[in-house]
Amino acid sequence: MRPADTLAPGFPDLSQVAVARPLHWRRWLAAAVILVVLAAIGRAFAYGQIEWSYVQRFLTAPVILSGILNTIVMALLAMALGIALGIAVAIMRLSPNPVLKSVAAGYAWLFRGTPLILQLLLWFNLALVFPTIGIPGLWSARAVDVMTPFLSALLGLGINQGAYTSEVIRAGILSVDAGQYEAAQAIGMGRLRALYRIVLPQAMRVVIPPLGNEFIGLVKATSLASVVQYPEVLHNAENIYYANSRVIELLIVAGLWYLVVVSILTPAQMLLERRFARGILQIAR
Amino acid sequence: MTKPLVAIRSVSKSFGEFCAVKQVSLDVWTGEVLCLIGASGSGKTTLLRCVNQLTAIDSGGIWLDGELLGMREQGGRLHCLREREVARQRLKTGMVFQRFNLFPHKTALENIVEGPVQVQRRAAEEARAEALELLRRVGLAAKADWYPSQLSGGQQQRVAIARALAMKPMLMLFDEPTSALDPELVGEVLTVMKELAQSGMTMMVVTHELGFAREVADRVVYMDHGAIVEQGAAAEVLGAPREARTKAFLSAVI
């Protein structure tokens, strides 16, 4: 019989012994190598055939600034259209009505199945198919006047975005426990109200990270709108280098601005995620 | 002669090949507490879910408060009701789920006022005051602004009961309300249910808590393989069962 109030000898008390800090010399070595490589690349660009003074001068040129503003406006509007369409189509896709289901599936198939640049060109050249558009007897106009670069870019980007966003939203809705939907029904909610009040707010938490991904993609995809003469930042940069032949300098200017916009989006996304994690944070901590 | 609050007549429900409820008929009277017991897979939960139309029946009919549920007889045929009509009929019943199913993005109080304000279009202030009174009744007045994830299972289930009561239902349905709880939390939920029974609420309770059934139920219904095997006063069915299958179930449980 072992005594309950004594401990076996030979196991010293380690609670007072200091813990040595590891050296991590491999990490330091790797960091040093990477710094050297980066410095070499930086030096190569600094002494390459680039006139940095042009980069500096055009970075804040009015044409470039209005271009980046147009890029931001187009990205925001197209994303808003994409999310509105995406939510509607996701709900249609999950509806018990086979007609709505097929329409939603057909939409996603068509707009995900063709290149974005082709869709933009189709919208812009709609006048070739329909010289005049309108509602018979009420209103009509020449398609050339209606399909401005702005509208064709917005429709092209927004409708295409909606096809992708609908799948992201649908995944979010499917991630919410079926019991939530039943509980909403049990207090007398219909399908749409249960979706809007109970399911979608919970789906948003899951949906925001991939949606942030989609938005970053869209910011850069607005550059394709240059093919329909929409004056976004890349289009304006191109117009400048057609005149002064400073191709690389102006591409660097446009690239820097895209980096700035995308960098601002990351903290904005974090704020949104926190907003929709209400009631969940306690578990995550 | 008075009519039963719930009249279930020859109701059947299958899931694919599996026949969950077979030709069940049952009456529930106003003010009665009815406990449904039986092994898992015996059809008691399915029957309960049919009463508030979370599960659609294959054949038969259920009348609640004299109104046929989910269907309308017209020209010798049965027509399915529209979603809006079904939602209106559901307002007569309150449902408490095994897994609570509280809305995790809303506080306890917001969970309770959601139905009265959004569905019944009642004034927010009035609904709030009633919700606080309900929370007090289930002993959770201090937790009004807590999120479900901050509450214990027993507290969540009490909030869920308050949420169902906020719609002022004429019938309360409980689907194994204590099965997902740690043993030490079962008592607080059963206490709330006992008080509710004493207040005269009509209740259908699917449960494995035979002690609760014995103490509170006016009638106990034992189901097996989708059919009612035996029913009667709690003391009779639980104390002196007539059917061999009931005896076997009870001796296996106790």
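## Overview of the overall build of chain A
The helix and strand inventory of chain A stands at 13 helices and two strands. Relative to a compact globule of 285 residues, whose C-alpha radius of gyration would be 19 Å, chain A shows 28 Å and is clearly more extended. Each principal axis of the C-alpha distribution contributes one length, and for chain A these read about 105 × 70 × 30 Å. Residues classed as buried in chain A amount to 36% of the 285 residues present. Across chain A, contacts joining residues at least 24 apart in sequence account for 76% of those joining residues at least 6 apart. A total accessible area of about 17500 Å² is found for chain A, and carbon and sulfur atoms account for 69% of it.

## Observations concerning the sheet that holds strand β4 (residues 59-64) of chain B
Residue and element names in this part refer to chain B. The four strands are arranged β2-β1-β4-β5 in an open sheet whose pairing can be described as antiparallel. Single-partner strands in this sheet number two, and they are β2 (18-28) and β5 (67-68). By the bridge criterion, two bridges tie β4 to β5 in an arrangement that is antiparallel. Across the sheet, Leu64 pairs through a bridge with Glu67, a residue of β5.

## Focus: the packing of aromatic side chains
Aromatic ring pairs are described here by two measures, namely the spacing of the ring centres and the angle between the planes. All names here are of chain A. Applying the stated criterion across every chain, the model contains five aromatic pairs over all chains. Geometrically, the ring pair formed by Tyr54 and Phe58 is stacked, given 6.4 Å between the ring centres and 10° between the ring planes. Pair noted here: Tyr54 and Phe58 are both in helix α2 (residues 52-59), with a separation of four residues, about one helical turn. On the basis of relative accessibility, which here comes to 15%, the residue Phe58 falls in the buried class. Relative to Phe111, the ring of Tyr107 has its centre 5.3 Å away and its plane inclined at 50°; by these criteria the two rings are tilted. Placement of the pair is Tyr107 and Phe111 together in helix α4 (residues 98-113), with a separation of four residues, close to one helical turn. In this structure Tyr107 comes out as buried when scored by relative accessible area, which is 14%.

## Focus: the side chain of Arg49 of chain B
Along the chain, Arg49 of chain B falls in helix α1 (residues 44-51). Excluding its chain neighbours within four sequence positions, the residues that come into contact with Arg49 of chain B are Glu182 of chain A together with Leu54, Thr55 and Met95 of chain B.

## Some thoughts on the nonpolar core
If you look at the biggest cluster of nonpolar residues, it comprises 52 residues, and the most contacted ones within it are Ile161, Met172, Phe174, Met193, Met203 and Val220 of chain B. A per-element tally of this core places helix α6 (residues 183-198) of chain B first, with eight residues. For Val220 of chain B, the contacting residues outside a window of four places in its chain are Cys35, Ile37, Ala213, Glu230, Gln231, Gly232, Ala234, Val237 and Leu238 of chain B. Formed by 46 residues, the second largest nonpolar core is a distinct cluster that contains Ala61, Val176, Trp257 and Leu265 of chain A.

## Remarks on the side chain of Thr178 of chain B
Mapped onto the elements of the fold, Thr178 of chain B is located in the loop between β9 (171-175) and α6. Every residue in contact with Thr178 of chain B, bar those within four places of it in the chain, is listed here: Val186, Val189, Leu190 and Glu209 of chain B.

## Here we look at the environment of Ile169 of chain A
Residues and elements named next belong to chain A. Note that Ile169 resides in helix α8 (residues 149-175). With 34 residues separating them along the chain, Ile169 and Ala203 place their C-alpha atoms 7.5 Å apart. For Ile169, the contacting residues outside a window of four places in its chain are Gly86, Ile87, Ala90, Leu200 and Val207.

## A word on a nonpolar patch on the surface
All names here are of chain A. Taken together, the side chains of Leu23, Trp25, Leu29, Val33, Ile34, Leu35, Val37, Leu38, Ile41, Phe45 and Trp52 define a hydrophobic patch exposed on the protein surface, amounting to about 1200 Å² of accessible area. With nine residues, helix α1 (residues 25-47) is the largest single contributor of residues to the nonpolar patch. Within the secondary structure, Leu38 is located in helix α1. The exposure class assigned to Leu38 is exposed, which follows from its relative accessible area of 52%.

## Section: unusual backbone geometry
Residue and element names in this part refer to chain B. The phi dihedral of Ser10 is positive, around 50°, even though this residue is not glycine. Its location among the elements puts Ser10 in strand β1 (residues 6-15). Judged by its relative accessible area of 33%, Ser10 falls in the partly exposed class. The phi dihedral of Glu176 falls on the positive side, at around 45°, and the residue is not glycine. For Glu176, the position within the fold is in the loop between β9 and α6.

## Some remarks on the pattern of salt bridges
Enumeration according to the criterion identifies 22 salt bridges over all chains in this entry. Put simply, Asp65, Glu67, Glu85, Arg88 and Lys92 of chain B are held in one network by salt bridges that share partners.

## A closer look at the confidence of the model for chain B
The predicted structure's coordinates, where accompanied by low pLDDT, should not be read in detail. Overall, the predicted model of chain B reaches an average pLDDT of 95, with 100% of residues at or above 70. At the level of chain-chain contacts, confidence expressed as ipTM amounts to 0.92, with global pTM at 0.84.

Conventions we followed
- Residues numbered from 1 in each chain as written.
- Chains lettered and ligands numbered in written order.
- Predicted model: local features only at pLDDT ≥ 70, side-chain atom pairs only at ≥ 80, totals over all residues.
- Heavy atoms only, no water.
- Helix = DSSP H or I, 4+ residues; strand = E, 2+ residues; numbered from the N terminus.
- Rg over C-alpha atoms; globule rule 2.2 N^0.38 Å.
- Buried < 20%, exposed > 50% of the residue type's maximum accessible area, 1.4 Å probe, protein only.
- Contact = heavy atoms within 4.5 Å.
- Areas by Shrake-Rupley, 256 points an atom, 1.4 Å probe, with all protein chains shown as cover.
- Pairing = 2+ DSSP bridges.
- Phe/Tyr/Trp six-rings, centres within 6.5 Å; stacked < 30°, edge-to-face > 60°.
- Core = buried A, V, L, I, M, F, W, Y, C linked by side-chain atoms within 4.5 Å.
- Patch = residues over 30% accessible without salt bridge, like charges linked within 9 Å, V, L, I, M, F, W, Y side chains within 5 Å.
- Salt bridge = Lys/Arg side-chain N within 4 Å of Asp/Glu carboxyl O.
- pLDDT = per-residue confidence, 0-100.

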